[in-house]
Amino acid sequence: MCGISGVVQFDDEPVSHDCLAAMIDCVRHRGPDAIGYLSDGPAAFAHARLSIIDVSGGLQPMSNEDGSLWVTFNGEIFNYVELRRELIAAGYRFRTQSDTEVILHMYAHLGEQCVERFNGEWAFAIWDKRARQLFLSRDRFGIRPLFYTRTPHGFAFASEIKSLLALPEVGRDVDLETLDQVFTFWSGLPGRTMFRGIQELQPGHSLTLRDRKIEVQRYWTLDYSSVNHGMREDACAEAMLELLQDATRIRLRSDVPVGMYLSGGLDSSLITALTLRHSHHRPRTFSVNFDDAQFDESAHQMTVVRFLGTEHESVRCSYQDICNVFPEVIRHTETPILRTAPAPFYLLSQMVHRNGYKVVLTGEGADEFMGGYDIFKEAKIRRFWSANPASRLRPLLLRRLYPHMQRLQSQPDAYRAAFFHIDAQELSDEFFSHLPRWNLTSKLKAFFSADVQSAIGGADGRLELRQRLPESYRSWDIFAQSQFLEASALLPGYLLSSQGDRMAMANAVEGRFPFLDHRLVEFTTRMPAHLKMKVLNEKYILKRVARLILPPSIIKRSKQPYRAPDTHSFIDVTTGKARAAYVDELLDPGAIRRFGLFDAAAVGKLVEKARKGLIVGIKDDMAFVGILSTQLLMDQFTQKGERYAAN
Amino acid sequence: MPPIEAEIRQFVIDNFLFGAVDKLPSNDDSLLEQGIIDSTGVLEMVTFLEQKYGIVIDESELAPANLDSISRLVNFVIRKTAQPAISSRAS
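Counting of residues starts from 1 at the beginning of each chain's written sequence and follows it residue by residue. Here chains are named by letter from A upward and ligands by number from 1 upward, in the order in which they appear as written. In keeping with the model being predicted, local features are shown solely for residues with a pLDDT of at least 70 and side-chain atom pairs are shown and tallied solely at 80 or more, while totals for entire chains, interfaces and linings include all residues.

Colleague: Can you lay out the overall build of chain A for me, pointing to particular residues and giving the numbers?
Modeller: Helix and strand definitions follow DSSP, with helices as H or I runs of at least four residues and strands as E runs of at least two, each counted in order from the N terminus. The helix and strand tally for chain A stands at 28 helices and 19 strands. In summary, chain A has a C-alpha radius of gyration of 24 Å against a globular reference of 26 Å for 647 residues, a match within 12%. In terms of overall dimensions, chain A has C-alpha extents of about 75 × 60 × 50 Å along its principal axes. Buried means a residue has 20 or more other C-beta atoms within 10 Å of its own C-beta, exposed means 12 or fewer, and partly exposed covers the counts in between; C-beta atoms are placed from the backbone. Counting only residues that meet the buried cut, chain A has 52% of its 647 residues in that class. Placing a C-beta atom from the backbone of each residue, one calls two residues in contact when those atoms lie within 7 Å. Partitioning the intrachain contacts of chain A with sequence separation of at least 6 by distance along the chain shows that 72% fall at a separation of at least 24. The size measure is the radius of gyration over C-alpha atoms, and the globule rule it meets is 2.2 Å times the number of residues to the 0.38 power.

Shown next, in the form of structure tokens:
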């Protein structure tokens, strides 16, 4: 796992080494082990290496035998062992044991289609010297980040936005439409960033740059068109176990020790248990705990630890800890966030790094593809209720949602029903499952300043998303539609990035995700919905698989979504005071007006409410965290920011 | 404007509209339908009413019929303050 960056000049001028060095220096945290550069006429690459596979031989940028192809690569190709054998049989000769060299030869062998053969998590750039062509690619799910921009004289790319902003010619204007989307979907839609002119290469896409022309192609997408309605339960469980075992096995390929994140839930417990089948070492597990008991899962974690006999270590997270690391968290997310949940992951990767580990396996992806989220359950209940809107009993099923959220559980039934109430036209809305969440989040836009509201005007993120839906989307069942929405927006835009790659790589830790093996995911797209959620029993088949491996106490516990304390992390309600000076500074009316994104008077009222300890709802919590994180982003990344000026 | 009505309006403005007076609905508009109070918001309103007017609101009273517009809230508070707190628990 590493950091990459590069530049291609259109005017054939050589790339300034200082610029290249400045770019890669911004992502040294991703790869502290070595730095490498390549300069070849109009193209220049840089690479910050975190050595994991072929520690001594995998230095980058790397070329093929005759030097006609160069690559700078962030990620892992987990099936490189099998692909290497194929390539050797086809006559390719290898100088190293690395997966990087497999990319080069597979590109030489198959051209741009090479990516279809890769099983892994990647963001890479290949400079094809003969064709004078740049080729960029990003993995299917967006695990590894890759951003690019056109400059006045060429094109630049990097693992993180801050490397592009290191180029003096790259602007820092905020993209207000992306801001609007963050305050709707929790992140900008794939491809967007918070900075105008800087784009993200979307998951499952490749890009070629030749003769100054950029072409972006999609090579993979989620497709729920081929559901096998006759799939039998036991055959499904058997196939899933086999795929999951293999997905885990190849993700243990590493020349350094591999640890595991353990949440205490089903997914990470299952992955940890499966690693026992492929490893001779006592597994090493890492967790985060909370001082605030309503977020803490340590008791469940210890049940798994005792059962599997892992060597375990956890980091305890207080309100103050979250407050202290939050500015650094936003420096890495490079986007506003509406919840503090990434911050404990920063503390977790810090602890993993301190323990000398560079790689961890996690359970990410199971909820999306196996049917674990409450939003799927919520949609099912709302549909069921809509079939008999006068029913008094059907809306009572809404109590089954979010069982661990005390505030939600204490809501009066009449109001809960009113909140989830369905208008007739919503039933045919292609975003049916996500409307309550998006409508609630969109209310935060009331805090935008009049200027921002007028600049955003009629821009509509839902319209943009609607235009991106696959042609066959409307023919899918509602469960598949909601899975697609979750996996194509929130997963890459927030979970794998702000909460995933960015928090882990901030401390040079690589996450690996067996549930995001594309063979397994493609299998789940063919599963009928009732095998993912049987009535209201989430992750039904996965639980059946787990029964063979884990004790009932772990499988049967009701799902607890991972969350962290929000406003309380920044305001001590016992004193009404901020826990750090930056909170007061950035929420001060002067600072709000300086950046101009929010209405200073409305923010003042929100802060007053927080100081009085009166923030009890998700909406206000999201508003507080969203505004504070936006202010931090502006402060660190734009010219009007004091921290930007100080840097 | 009677004091209870003014106080409730001010609470809605400060607590749910964050000062945006122009978004305050008319007294008979549904606070739910206007998107001003959601299912968590109603708990904030209940806490406010109990603290401000020294009343105890029973779970059975947590219904839009009592709480879903400024007029309904005002009438509800008037009814509750006109009766001893103990009878509201028993109702």
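Colleague: Residues and numbers for the overall build of chain B, please.
Modeller: Assigned secondary structure in chain B consists of five helices and zero strands. Traced from its N-terminal end to its C-terminal end, chain B shows the element sequence α-α-α-α-α. The C-alpha extent of chain B, read off along each of the three principal axes, is 40 × 25 × 20 Å. The buried share among the 91 residues of chain B stands at 30%. The contacts of chain B with a sequence gap of at least 6 include a subset with a gap of at least 24, amounting to 60%.

Colleague: Before we move on, can you summarise the sheet that holds strand β13 (residues 258-261) of chain A with the specific residues and values?
Modeller: Two orientations exist for strands paired in a sheet by backbone hydrogen bonds: parallel and antiparallel. Residue and element names in this part refer to chain A. Strand pairing is defined by DSSP finding a minimum of two bridges between the two strands. In space, the five strands of this open sheet follow the order β15-β14-β13-β16-β17, with parallel pairing throughout. Two strands in the sheet have a free side with no partner beyond their single neighbour: β15 (311-317) and β17 (510-512). Each strand of the sheet is rotated relative to its neighbour by a mean of 30°, with strand direction disregarded. Strand direction decides the pairing type here: strand β16 (residues 359-361) and β17, joined by three bridges, are parallel. Across the sheet, the residue bridging to Val359 is Glu510, located in β17. An axis is simply a line fitted to the C-alpha atoms; with a helix, the fit covers only the stretch in contact. Between two such axes, the angle follows the N-to-C directions and lies from 0 to 180 degrees. On the sheet, helix α7 (residues 266-276) packs against β13, β14 (284-290) and β16 and is oriented at approximately 155° with respect to β13.

Colleague: How would you sum up the sheet that holds strand β4 (residues 62-63) of chain A? Please name residues and give values.
Modeller: Residue and element names in this part refer to chain A. Read from one edge of the open sheet, six strands run β4-β5-β6-β7-β11-β12, paired in antiparallel fashion. Edge strands, defined here as strands with exactly one partner in the open sheet, are β4 and β12 (213-218). Sheet topology places strand β7 (residues 133-138) next to strand β11 (residues 205-210); five bridges connect them, and they run antiparallel. Bridge assignment links Ser137 to a residue of β11, and that residue is Ser206. Where helix α3 (residues 99-110) meets the sheet, it contacts β4, β5 (69-77) and β6 (120-128), and its direction lies at approximately 125° from that of β5.

Colleague: Pulling in residues and values, what's your account of the interface of chain B and chain A?
Modeller: Each side of the interface is counted separately: chain B has 18 residues, and chain A has 22 residues. Counting residues per element, the ones that place at least two in the side of chain B that touches chain A are α1 (3-16) and α2 (41-53) of chain B. With four residues, the single largest contributor to the side of chain B that touches chain A is α2 of chain B. Of the residues in the side of chain B that touches chain A, the class split is eight nonpolar, six polar and four charged. Just so you know the grouping, Ala, Val, Leu, Ile, Met, Phe, Trp, Tyr, Cys and Pro go in nonpolar, Asp, Glu, Lys and Arg go in charged, and all remaining residues, Gly too, go in polar.

Colleague: Kindly report on the pairing of β13 of chain A, identifying the contributing residues and their values.
Modeller: Judged by which residues are buried, β13 of chain A turns out to be covered on both faces: Val258 and Met260 of chain A on one side and Gly259 and Tyr261 of chain A on the other are all buried. A right-handed crossover is one whose linking path, passing over the helix from the first strand to the second, runs clockwise when the strands point away from the viewer. After leaving β13 of chain A, the chain enters α7 of chain A and then returns to the sheet as β14 of chain A, a path that is right-handed.

Colleague: Tell me what's going on with the packing of helix α9 (residues 319-333) of chain A against helix α10 (residues 342-354) of chain A, and back it up with residues and numbers.
Modeller: Residues and elements named next belong to chain A. It is the contact of α9 with α10, at a shortest axis distance of 9 Å, that shows an interaxial angle of 90°. Taken together, the axes of α9 and α10 lie roughly perpendicular to each other. Taken together, the residues of α10 that come into contact with α9 (itself represented by Asp321, Ile322, Val325, Phe326, Glu328, Val329 and Thr333) are Pro342, Ala343, Pro344, Tyr346 and Leu347. A per-class count over the contact of α9 with α10 returns nine nonpolar, one polar and two charged. By the definition adopted for this analysis, an angle is roughly parallel if under 35 degrees, roughly antiparallel if over 145, roughly perpendicular if from 65 to 115, and oblique otherwise.

Colleague: Please give an account of the nonpolar core that cites residues and values.
Modeller: Note on terminology: a nonpolar core is any set of buried Ala, Val, Leu, Ile, Met, Phe, Trp, Tyr and Cys residues joined through C-beta atoms within 7 Å. If you look at the biggest cluster of nonpolar residues, it comprises 188 residues, and the most contacted ones within it are Val71 and Ala125 of chain A. The greatest single-element share of this core, amounting to eleven residues, is contributed by helix α27 (residues 618-637) of chain A. Contacts of Ala125 of chain A, omitting those with residues within four sequence positions, involve Ile4, Gly6, Phe45, Val71, Thr72, Leu134, Phe135, Leu136 and Phe157 of chain A. Core analysis: the next-biggest nonpolar cluster, separate from the first, contains 20 residues, Val12, Ile37, Ile70 and Val77 of chain B among them.

Colleague: Report on helix α5 (residues 176-185) of chain A, specifying residues and quantitative values.
Modeller: Quick reminder: α-helices carry 3.6 residues per turn. Residues three or four places apart thus point the same way. All names here are of chain A. Here α5 lies mainly inside the structure; eight of its ten residues are buried. Every buried residue of α5 is listed here: Thr178, Leu179, Asp180, Gln181, Val182, Phe183, Thr184 and Phe185. In this structure, the buried residues of α5 make contact with α15 (435-442), α16 (450-456), α17 (461-468), α18 (478-495) and α27. Following α5 by one or two positions, Trp186 adopts a phi angle in the positive range, close to 85°.

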